[in-house]
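Okay, here's what each chain looks like letter by letter:
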Amino acid sequence: MAKIPAAVIGVGQTHHRAKREDVSIAGLLREAVDRALLDAGLTFDDIDAVVVGKAPDLFEGVMMPELYLADALGAAGKPLLRVHTAGSVGGSTAIVAASLVQSGVHERVLTVAFEKQSESNAMWALSIPVPFIMPVHAGAGGYFAPHVRSYIRRSGAPGHIGAMVAAKDRQNALKNPYAHLHNEGTTVESVLASTMLWDPIRYDETCPSSDGACALVIASEAAVAASGVTNPAWIHGTQMRSEPTTAAERDQVNPQAGRDASAALWKQAGITNPIEEIDCAEIYVPFSWFEPMWIENLGFSGLGDGWKLTEAGETEISGKLPINMSGGVLSSNPIGASGMLRFAEASLQVMGEAGEHQVDGARKALGHAYGGGSQFFAMWVVGADKPAN
Amino acid sequence: MRDVAVVGFAQRQMKELDGSPTCLEILVPILADLYEQTGWTKSDIGFWCSGSSDYLAGRSFSFVSAVDAIGTLPPVMESHVEMDAAWAMYEAWIKIQTGEVDSALVYGFGKSSAGILRRILALQLDPYTAQPLWPDTVSLAGIQAREGLEKGLWDEAAMASVVARSMSDAASNEWAIRRGATSVDQVLAQPLYADPLRRWDCAPVSDGAAGIVIAAGDKALQARQRPAWISGFEHRIEPIALNARSLVTSTSTAAAGAAAGVDGVDLAELHAPFSHQELILRSALGLADDVRINPSGGALTANPMFSAGLNRIGEAAKAIWAGESDKALAHATSGPVLQQNMVVTMAASIKEDS
Amino acid sequence: MFHFCAMAPSTEQRVLHAPMKVEFDYTRSLGPVLSAFMSALKQHSVLGGVLADGRVVVPPPEYDPVTHAAVTELVPVSDVGTVLSWSWVADPVSQQPLEVPFAFAQVLLDGADAPLLHAVSVPSASDMATGMRVRVKWAEEPTGTIRDIAFFEAAGDDASDGSASMEFGAPEVTGIVSPVHLAYDYAASPEETKFFRGLAEGKLFGQRCPVCEKVYIPPRGACPVDGVPTAEEIELPDRGTLTTFCVVNVPFQGQTIPIPYVSAYVLLDGADIAFLHLILDIDAADVRMGMRVEAVWKPRDEWTTSLDNIKYFRPTGEPDADYDTYKHHL
């Protein structure tokens, strides 16, 4: 049986902030959901099923919060799923929602991912002392910094590459009204001058802690036709891959799961030369150095050459491969939603609705998320044209 | 839709797992059982999906180490739901329906005994107006049971007969935690524990894990001569608030059952962690009196969180494999007092109109 | 640092156990509806939400269950009501409204159309009955939470409205603090148990995967490549190569090591996987990839079944390992 073509017809997100003290958890989600429904020209009654994604329940202290959220999300009487695949969850959630349509089971699916980090403290939730173990790594930055050092050693990248990524993403964020950080005047020099937190990662090279949500409406070919939406983001391919957190001789800089997922994704989307055929990409970069690392992992460049694209300015909005036009995770990080925001921003680009951070003529875009210890990958390609396959 | 069948099922349950909350210790033999049943290896599996809870384990990302049971280098296509693994199976079934893969292995696990389960589950409630009171699972079920009792929808004897039948049937289930031939009078002779409930009306706190293999078409027939073909797979949710829904009926179960199609079902495995909930479910599904209910003993005899729903599907499939049923129904529940419900129907033969 | 040495019985069990606490006081912002509801509770008044169909629901839902629109109209209801159903709590759990036996009940407040779930305090189950009239017992110290209703208590059959007597006007409640304090019995896996018990003897036990033959330390319940438990025990030396590292210069909750410090992956000689530990006795700026390091143990009488028996690793002074010898461990 052939897969049903599916497309994003509605995108919504919150104004991401350190603390959204004006809303409850449900209110935060509804801000994104209401925008997505409005964008799609639909109401809750048009929705067949709801898929919710978020990172660990300990962040908000609500066990399986989708149960409590069912009513606010208009899910009562409908199927509701809750996905949790660590940091990649926003992406995985969108993929599950897409598969509900592609399978022919549903016509219109609402999916929403969120995190309200201000309810607790992510560092606490991720570093609860476990008996018998001695915690020394100090949060996600401490976890990833040694691998960034390995990347620098392997690739011979100059030390300012991370700062270039951070400065670019913060400048891009100024063009995105929803972004959490609007730090005007961020430059390579100011990033390099910021405090070294987890050497080799500086303060300005890390993502913020945000409250936020993102929602998408995904529709079948028939439902797209029946909608008033004329510029849907067609889903050309979706992939997920997982590998262990730690294993003997596992490559933690260039994980095989990411390589395998992207190779399968390009094949599925009929792409033979990603850097030529992809117009722009929203990639999960919570620490600046992950831009060049993922450029290589995704096959946009040869091994050890990812940083050269960054250094040459090719990942700027005007470059050959614009990356994180929205400002990316470095400018807004509601963890559970961060992956879906990448998928959503990729959709906005091919819909031509990215506003000030629109890439001219973008017709094919990548949305990417990763999670855990660089071990869970979720990605999709969306296009302005209906997929041929 | 593609024809997809359940072809493998393995489970482990115990009152208390004296081991790590990662449950690797029981997942590894479960996967080994599944490979043996199907004759397959890891490379035959196209998609993996699991169900578990961080709050049961008491730490974030508790599912992450469980993938070690698979052995994930080279990497696998894998996902996870923070739900009973019955919903992981739904995600896997959807994946097969997209045509991307032909087979999937799903598993669920949880060590409920690590904390005070009935208290931890209060964290599922509305975090503003309900959870701060810590209403425990047993109390919520007690409120539900009393409402039905006082409205004359069921009586103590009906509840006791569910308990007696479950424990008696569980006598032959090696994985049951509470089992043995039991009469209605013996049940009624037990003291009240949480008035109006007796301890035996409430599922025992259980640790455990379970796994299921599903596959499409010929791939399923490779693994098993008489697979349990999925003929209906539906789930629905209701509002969480106890005052926003009827507690003595289950509209979500009724809707899922109607959509899945319950006609011709001769056996039903119902995920009812409290005795009166089985009565609600039977009524919602409109099951005929001659339908065999929970021959495994059901959740009242072992209720490992995050795999108990999957177990119902596995037990129902087993009955089809063994020729004890031609069409079986399995039900899974999640959330406080039957908030979310799933109905799967399986048949020995592929329906002709598919 | 956490110490688990007070776990005498654990050595007799099959695997190591230790208590683990998961405790956080969550700060919840409320949004307009819940803000109004909590603010009123603080004033000893109960508000219900008016739904599109005219029903008054307590607590007020933020969104109408039928129209899905935000609920905007709130009205006061009585603090007296009728029990619709209940369940006896013979053995209360921590943080419930009462520490002595009580009932959880669905209470339909006069003026509302849907019941509120809360506690009813009566001496025994025989004092509870569906249909009984109950009245709010307000908490002595108002907090602007649902617990401003301490519980309900029996009221006479003729009890009537005693609510909405206070005027609004106090500072609005916009957030609540929700303490979630959980206690778990943490248990190590059998493989980890051997490792931790070895540590108590000053030994470092790894295990070899029977399939790929890689040596894991700590040993694993399942080899992450092959999915089978590691088995053959291998005692490893307490020295090895630092593969990669970072310099931690950020303070965080629960941290006890003075910053800056070096957190590094140490690949013990003979092991096929590195683990994270602390590097000291060297200026952070002088730490490098490939540096040879050795364990510095606590005094023997302080040893427990914990990895922190090794206080840190320090340079051995040997020449650095060649990059090619550890590059596949990055």
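Because the structure is predicted, anything quoted here is derived from the model rather than measured.

Definitions and cut-offs
- Each chain has its residues counted from 1, following the order in which its sequence is written.
- In the order they appear in the text, chains get letters beginning with A and ligands get numbers beginning with 1.
- Local features are withheld for residues below a pLDDT of 70 in this predicted model, meaning they are given only at 70 or higher, and side-chain atom pairs are given and counted only at 80 or more; totals for whole chains, interfaces and linings count all residues.
- In this text, helices come from DSSP runs of H or I with a minimum length of four residues, and strands from runs of E with a minimum of two, each type numbered from the N-terminal end.
- For the radius of gyration, the atom set is restricted to C-alpha positions; the globular benchmark scales as 2.2 Å times the number of residues to the power 0.38.
- Partly exposed residues are those whose C-beta has more than 12 but fewer than 20 other C-beta atoms within 10 Å; with 20 or more the residue is buried, with 12 or fewer it is exposed, and the C-beta atoms are placed from the backbone.
- Our contact criterion uses C-beta atoms placed from the backbone: two residues qualify when those atoms are within 7 Å.
- A pair of strands is considered paired only if DSSP assigns at least 2 bridges between the two.
- Every axis corresponds to a line fitted to the C-alpha atoms, with the helix fit spanning only the stretch in contact, and the corresponding angles, defined between N-to-C directions, vary from 0 to 180 degrees.
- For this classification, the nonpolar set comprises Ala, Val, Leu, Ile, Met, Phe, Trp, Tyr, Cys and Pro, the charged set comprises Asp, Glu, Lys and Arg, and every other residue, Gly included, is treated as polar.
- The domain limits used here are those given by an automatic or database domain assignment.
- Expected span of a helix: the number of residues minus one, times 1.5 Å.
- Among buried residues, those of type Ala, Val, Leu, Ile, Met, Phe, Trp, Tyr and Cys that are joined through C-beta atoms within 7 Å form a set called a nonpolar core.

From N to C terminus, chain A includes 14 helices and 11 strands. Relative to the 2.2 N^0.38 estimate, which gives 21 Å for 389 residues, the radius of gyration of chain A is 19 Å and therefore close to what a compact globule would have. Dimensions along the principal axes, computed over C-alpha positions, put chain A at roughly 55 × 45 × 45 Å. The burial tally for chain A puts 72% of its 389 residues in the buried class. Of all intrachain contacts in chain A linking residues separated by at least 6 positions in sequence, the fraction that spans at least 24 positions is 79%.

Within chain C, the regular secondary structure consists of 3 helices and 18 strands. Against the compact-globule benchmark of 20 Å for 330 residues, chain C has a radius of gyration of 30 Å, which places it well outside the compact range. Burial analysis of chain C (330 residues in total) assigns 48% to the buried set. Sequence separation of at least 24 residues holds for 59% of the intrachain contacts in chain C that already meet a minimum separation of 6.

Residue and element names in this part refer to chain A. Burial runs high along strand β8 (residues 233–242): 10 of the 10 residues are buried. Taken together, the 2 bridges between strand β1 (residues 6–13) and β8 define a ladder with antiparallel strand orientation. Each bridged residue has a counterpart across the sheet, and for V8 the counterpart in β8 is A233. Sheet topology note: the β8/strand β11 (residues 376–383) ladder contains 8 bridges and is antiparallel. Counted as the bridge partner of S242 is F376 from β11.

Bringing helix α2 (residues 190–200) of chain C into the picture now. An α-helix turns once every 3.6 residues. As a result, residues three or four positions apart point the same way. Residue and element names in this part refer to chain C. Counting buried residues in α2 gives 8 out of 11 residues, a clear majority hidden from the surface. Of all the residues in α2, the buried ones are E191, E192, T193, K194, F195, F196, G198 and L199. Summarising the contacts, the buried residues of α2 are in contact with β11 (204–208) and β13 (232–236). In the stretch just after α2, G202 is the one whose phi turns positive, near 75 degrees.

Residue and element names in this part refer to chain C. Strands sit in the order β12-β11-β13 across an open sheet of 3 strands; the sheet is antiparallel. At either end of the open sheet lies a strand with only one pairing partner, and these are β12 (215–216) and β13. Taken together, the 5 bridges between β11 and β13 define a ladder with antiparallel strand orientation. Bridge pairing in β13 links G206 to I234. The strands touched by α2 are β11 and β13; relative to β11, the strand with the most contacts, the crossing angle is about 155 degrees.

The partner chain B presents 50 residues to the 51 residues of chain A that form the contact. Those elements that place two or more of their residues in the side of chain A that touches chain B are α2 (65–69), β3 (80–83), α3 (89–102), α4 (122–126), β8 and α9 (256–268) of chain A. In terms of residue count, α3 of chain A provides more of the side of chain A that touches chain B than any other element does, 5 residues in total. Considering only residue class, the side of chain A that touches chain B consists of 28 nonpolar, 14 polar and 9 charged.

In many reports, interface size means the accessible area that the parts give up when they come together. Split into domains, chain C comes out as domain 1 (26–180) and domain 2 (189–329). Distance between the C-alpha centres of domain 1 of chain C and domain 2 of chain C: 54 Å.

A few words on the pairing of β11 of chain C. Residue and element names in this part refer to chain C. Bridge analysis of β11 against β12 gives 2 bridges, and the strand direction is antiparallel. Of the residues in β12, the one forming a bridge with R208 is V215. Connecting the antiparallel pair β11 and β12 is a turn made up of 6 residues, with E213 showing a positive phi of about 65 degrees.

Okay, helix α1 (residues 25–40) of chain A next. All names here are of chain A. In this model α1 runs 23 Å from its N-terminal to its C-terminal C-alpha over 16 residues, within 8% of the 22 Å that 1.5 Å per residue would give. With respect to burial, α1 is a largely interior element, 13 of its 16 residues being buried. After α1 finishes, the residue G41 shows a positive phi value of roughly 70 degrees.

Taken together, the contacts link 50 residues of chain A with 57 residues of chain C. Within the residue set of the side of chain A that touches chain C, elements represented by two or more residues are α1, α4, α5 (139–155) and β5 (196–199) of chain A. For the side of chain A that touches chain C, the element with the highest residue contribution is α5 of chain A, accounting for 9 residues. For the side of chain A that touches chain C, a count of residues per class yields 25 nonpolar, 15 polar and 10 charged.

Spatially, 5 strands are ordered β5-β6-β7-β9-β8 (chain C) in a closed barrel, and the strand pairing comes out mixed. Between one strand and the next, the sheet's axes are offset by a mean angle of 50 degrees, whatever the strand orientation. As defined by bridge partners, strand β7 (residues 116–121) of chain C adjoins strand β9 (residues 149–154) of chain C across 2 bridges and the pair is classed as parallel. When the bridges of β9 of chain C are listed, V120 of chain C appears paired with F152 of chain C. Packed onto the sheet, helix α5 (residues 137–150) of chain B meets β5 (80–89) and β6 (102–109) of chain C and runs at close to 115 degrees relative to β5 of chain C.

Ranked by internal contacts, the top residues of the largest apolar core, which has 382 residues, are L29 of chain A, L27, M89 and I214 of chain B together with V120 of chain C. If you count residues domain by domain, this core takes at least three from each of domain 1 (26–180) and domain 2 (189–329) of chain C.

Here we come to unusual backbone geometry. Following L73 of chain B, the chain continues into P74 of chain B via a peptide bond in cis, with omega recorded as 0 degrees. If you trace the backbone, P74 of chain B turns up in the loop between α2 (54–57) and β3 (78–81). Following D195 of chain B, the chain continues to P196 of chain B via a peptide bond in cis, the omega torsion being 20 degrees. With respect to the helices and strands, the residue P196 of chain B is situated in the loop between β5 (192–194) and β6 (197–198). The backbone phi angle of F132 of chain A is positive, close to 75 degrees, even though this residue is not glycine. Summarising the element assignment, F132 of chain A is placed in the loop between α4 and α5.

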